[in-house]
Amino acid sequence: MKIAHIEFPDNPVFLAPMEDVSDIGFRLLCKQFGADMVYTEFVSSDALIRDIKKTKQKILFSEEERPLGIQIYGSDPDAMVEAAKICEEANPDLIDINFGCPVKKIAGKGAGSGMMKTPDVMLDITSKVVRAVNKPVTVKTRLGWDDNSKIIVLLAEQLQDCGIAALTIHGRTRSQMYKGEADWTLIREVKDNSRMHIPIIGNGDVTTVEQCRRRFDETGVDAVMVGRGSIGAPWIFRELKHYLQTGEHLPKESFHWYLDILKKQVLESVERIDETRGILHMRRHLAATPIFKGIPDFKATRIAMLRASTLEELFTIMDEIPEKYQMY
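Anyway, here's the lowdown on the structure attached to this text.

What counts, and at which threshold
- Residues numbered from 1 in each chain as written.
- Predicted model: local features only at pLDDT ≥ 70, side-chain atom pairs only at ≥ 80, totals over all residues.
- Heavy atoms only, no water.
- Helix = DSSP H or I, 4+ residues; strand = E, 2+ residues; numbered from the N terminus.
- Rg over C-alpha atoms; globule rule 2.2 N^0.38 Å.
- Buried < 20%, exposed > 50% of the residue type's maximum accessible area, 1.4 Å probe, protein only.
- Contact = heavy atoms within 4.5 Å.
- Areas by Shrake-Rupley, 256 points an atom, 1.4 Å probe, with all protein chains shown as cover.
- Axes fitted to C-alpha atoms, helices over the stretch in contact; angles between N-to-C directions.
- Parallel < 35°, antiparallel > 145°, perpendicular 65-115°, else oblique.
- Left-handed = near helix turned anticlockwise from the far one by under 90°.
- Nonpolar A, V, L, I, M, F, W, Y, C, P; charged D, E, K, R; others polar.
- Phe/Tyr/Trp six-rings, centres within 6.5 Å; stacked < 30°, edge-to-face > 60°.
- Lys NZ or Arg CZ within 6 Å of the ring centre and 35° of its normal.
- Arc of directions from axis to C-beta.

Focus on the overall build of the protein
Piece 1. Helix and strand counts for the protein come out as 14 helices and 11 strands.
Piece 2. A globule of 328 residues ought to have a C-alpha radius of gyration of about 20 Å, and the protein, at 20 Å, matches this closely.
Piece 3. Viewed in the frame of its principal axes, the protein has a C-alpha envelope of about 60 × 45 × 35 Å.
Piece 4. Per-residue burial for the protein yields a buried fraction of 56% across its 328 residues.
Piece 5. Across the protein, contacts joining residues at least 24 apart in sequence account for 69% of those joining residues at least 6 apart.
Piece 6. In the structure as shown, the protein presents an accessible area of about 14,500 Å², 49% of it carried by carbon and sulfur atoms.

Overview of the packing of helix α13 (residues 299-307) against helix α14 (residues 311-325)
Piece 1. Between α13 and α14, the shortest axis-to-axis distance is 9 Å and the interhelical angle comes to 160°. Regarding the angle of α13 to α14, the classification is roughly antiparallel. α13 and α14 meet at a crossing whose hand is left-handed. Seen from α13, the contacting residues are T301, A304 and M305; seen from α14, they are L314, I317, M318, I321, K324 and Y325.
Piece 2. By residue class, the composition of the contact of α13 with α14 is seven nonpolar, one polar and one charged.

A word on the environment of A233
Piece 1. Relative to the elements of secondary structure, A233 occurs in the loop between β11 (223-226) and α10 (236-246).
Piece 2. On the accessibility criterion, A233 (4% relative accessible area) is buried.
Piece 3. Sequence separation between A233 and V209 is 24 residues; the distance between their C-alpha atoms is 13 Å.

Quick notes on the packing of aromatic side chains
In this description, a pair of aromatic rings is defined by centroid distance and the angle of the planes.
Piece 1. Going through the model one piece at a time under the given rule, you end up with 10 aromatic pairs.
Piece 2. Ring centres of F33 and W257 lie 5.9 Å apart, and the angle between their planes is 70°; this geometry places the pair in the edge-to-face category. One end of the pair, F33, is in the loop between α1 (24-32) and β4 (38-39); the other, W257, is in helix α11 (residues 255-272), and 224 residues separate them in sequence.
Piece 3. Classification of F33 by relative accessible area gives buried; the value is 15%.
Piece 4. Note on W257: relative accessible area 25%, which makes it partly exposed.
Piece 5. In this structure an aromatic cluster arises from ring pairing among F33, W235, W257 and Y258.
Piece 6. Its end group placed over the ring of Y178, R142 keeps NZ or CZ at 5.0 Å from the ring centre.
Piece 7. The positively charged end of K263 is found above the aromatic ring belonging to F315, 5.0 Å away from the centroid.

With respect to the side chain of Q160
Piece 1. For Q160, the position within the fold is in helix α7 (residues 152-161).
Piece 2. For Q160, a relative accessible area of 6% gives the class buried.

So, helix α9 (residues 209-219)
Residue pairs three or four apart in sequence face the same way in an α-helix, which turns once every 3.6 residues.
Piece 1. The complete set of buried residues in α9 reads V209, C212, R215, F216 and T219. Along the long axis of α9, the arc covered by the buried residues comes to 140°, so they all point the same way.
Piece 2. Against the buried residues of α9 lie β3 (13-15), α8 (185-192), β11 and α10.
Piece 3. In the stretch just after α9, G220 is the one whose phi turns positive, near 75°.

Concerning unusual backbone geometry
Piece 1. With an omega dihedral of -5°, the bond running from R66 to P67 counts as a cis peptide bond.
Piece 2. Mapped onto the fold, P67 is located in the loop between α3 (53-57) and β6 (68-73).
Piece 3. Phi is positive for D51, which is not a glycine, with a value near 65°.
Piece 4. Here D51 is to be found in the loop between α2 (45-49) and α3.
Piece 5. The phi torsion at D297 lies on the positive side, around 55°, for a residue other than glycine.

All quantities given are derived from atomic positions and should not be read as evidence of function.
So this is what it looks like as structure tokens:
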């Protein structure tokens, strides 16, 4: 499978762009565990062209992450064009446009999946960005605004006509947010459309190796994108790739192995930001990681771990877990 000039192995698996999750440290870990493509956190076009320091830091990446896409969002065509040009100077492998984020502060202002209400503006932005940069441009979007406006099949054709190099579809409407189950039937319909010739990437509720295999088999998508299933579990890409290649589950590692990876994430976050904010940034991963799920009477330890404010306090709690709960 190819996106423009970028070649991928069979059944590639991508890391989704996620705010406050897919920072450089997490991307590198996911890449080391086998992610075939990674994306930055989504970047505000308005903040980027205003030269906001925190936003400009989001488009920094290392060569080890390639292939990598920088994702931008916004509702103003001129701002999106200018932001895309700034991103091009950072030299990513591609530029991705976010027409899928459902959160109110973005969609409510007409950006992200808010664009599903104004597809003409979406297409205008897309065509102008494609023309403005020499990098491949891709799009990530949803099925529609709500159940009464699932426009993705026609919209996919129109976006392709704008010149995009690939399309990622999350199998929910904006109104669903992240509730219910992702519906991949319309993703399959887009993929089966004889007019479509660009790669179609499916996204939504891929948290197990069996689900990933089934999505490839049942929809024929060119790639699968993993988002929330990777939070607190960057090793999921290692498991997915092994299963896709062999049809067998990768043997589980020791509890200490997974715990050490989480501690490595914490250390990277602290070194990159600072102790207080680095630990705060990691709480989402510690809360979501599957390694603590199902441990009896773990609630008090979980609360203590998520309230810890120093490395010494946090690592003391984490290091006590194996012996305390007989997890080896």
